[in-house]
Amino acid sequence: MNGLRRFDITLRGNPDLQPIRSFECAPLVRLLHAFSTALNKKHHAAIAQVSEREDFVARVLQQFLCCPVARSHAVPAPLVRWQPRISLRFAASYRNMAYAAVLGAAVYASGHGLFVFVLLLFLMALSYGAIGAVSTRSPRHKQQ
């Protein structure tokens, strides 16, 4: 495009430590990384146990766990195994923050408070997990 070269760059290593992108809020990425790291350290046994189960509730929860396999698409290299983990980096995206702000404004304009806003966020996340669990046969993090 316009004589510019495009380089396909693939990063190796811990996917949580990728560089901060232009569509992410840098302080929020750092804060959410610290929080998700603390959650992963505290609850690593429970996360590993959920990742091994095959029932519906476990499949819903597995929709929110990050994939433990990091692949490099540019160079065929062996797969690197990571532990299943919680990553909250998606919340630092400006687009997701804008969606949350619009939802919050709609809830506020309808005369409801913070409880309804948090309840709607929870129900949206729960429906996302349920739809993902029903639409996939095997958990995302176990597909190769």
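Look a little higher up for the structure.
Cut-off values and rules
- Residues numbered from 1 in each chain as written.
- Predicted model: local features only at pLDDT ≥ 70, side-chain atom pairs only at ≥ 80, totals over all residues.
- Heavy atoms only, no water.
- Salt bridge = Lys/Arg side-chain N within 4 Å of Asp/Glu carboxyl O.
- Buried < 20%, exposed > 50% of the residue type's maximum accessible area, 1.4 Å probe, protein only.
- Helix = DSSP H or I, 4+ residues; strand = E, 2+ residues; numbered from the N terminus.
- Polar contact = N/O pair within 3.5 Å; in protein donor to acceptor, adjacent residues only side chain to side chain.
- Patch = residues over 30% accessible without salt bridge, like charges linked within 9 Å, V, L, I, M, F, W, Y side chains within 5 Å.
- Areas by Shrake-Rupley, 256 points an atom, 1.4 Å probe, with all protein chains shown as cover.

Chemist: When you look at the pattern of salt bridges in this model, what are you seeing that I'm missing?
Modeler: If you walk through the whole model with that rule in mind, you get 3 salt bridges. Arg 53 is the salt-bridge partner of Asp 55, the closest N and O atoms lying 3.0 Å from each other. Looking at Arg 53, the relative accessible area reads 32%, which means it is partly exposed.

Chemist: Honestly, the side chain of Arg 89 in this entry has me stumped. Any pointers?
Modeler: Of note, Arg 89 is situated in the loop between strand S4 (85-86) and helix H4 (94-109). Among the residues examined, Arg 89 registers a relative accessible area of 14% and is labelled buried. A polar atom in the side chain of Arg 89 sits 2.9 Å from the backbone oxygen of Pro 19. A polar side-chain atom of Arg 89 sits 2.8 Å from a polar atom in the side chain of Glu 24.

Chemist: Any chance you could explain the environment of Asp 55 here in plain terms?
Modeler: Among the structural elements, Asp 55 can be located in the loop between helix H2 (44-52) and helix H3 (56-62). For Asp 55 and Ala 133, which are 78 residues apart along the polypeptide, the C-alpha to C-alpha distance reads 9.8 Å. Here Arg 53 takes part through its side chain, which lies 3.0 Å from a polar atom of the side chain of Asp 55.

Chemist: I'm lost on a nonpolar patch on the surface in this one. Help?
Modeler: Together, Phe 115, Leu 119, Phe 122, Leu 123 and Leu 126 line one region of the surface with nonpolar side chains, adding up to about 520 Å² of accessible area. Of note, Phe 115 is situated in helix H5 (residues 114-135).

Chemist: Please clarify how the environment of Leu 120 should be interpreted in this entry.
Modeler: Along the chain, Leu 120 turns up in helix H5. Residue classification places Leu 120 among the partly exposed positions, given a relative accessible area of 31%.

So far we have only geometry, and geometry alone does not tell us how the molecule works.
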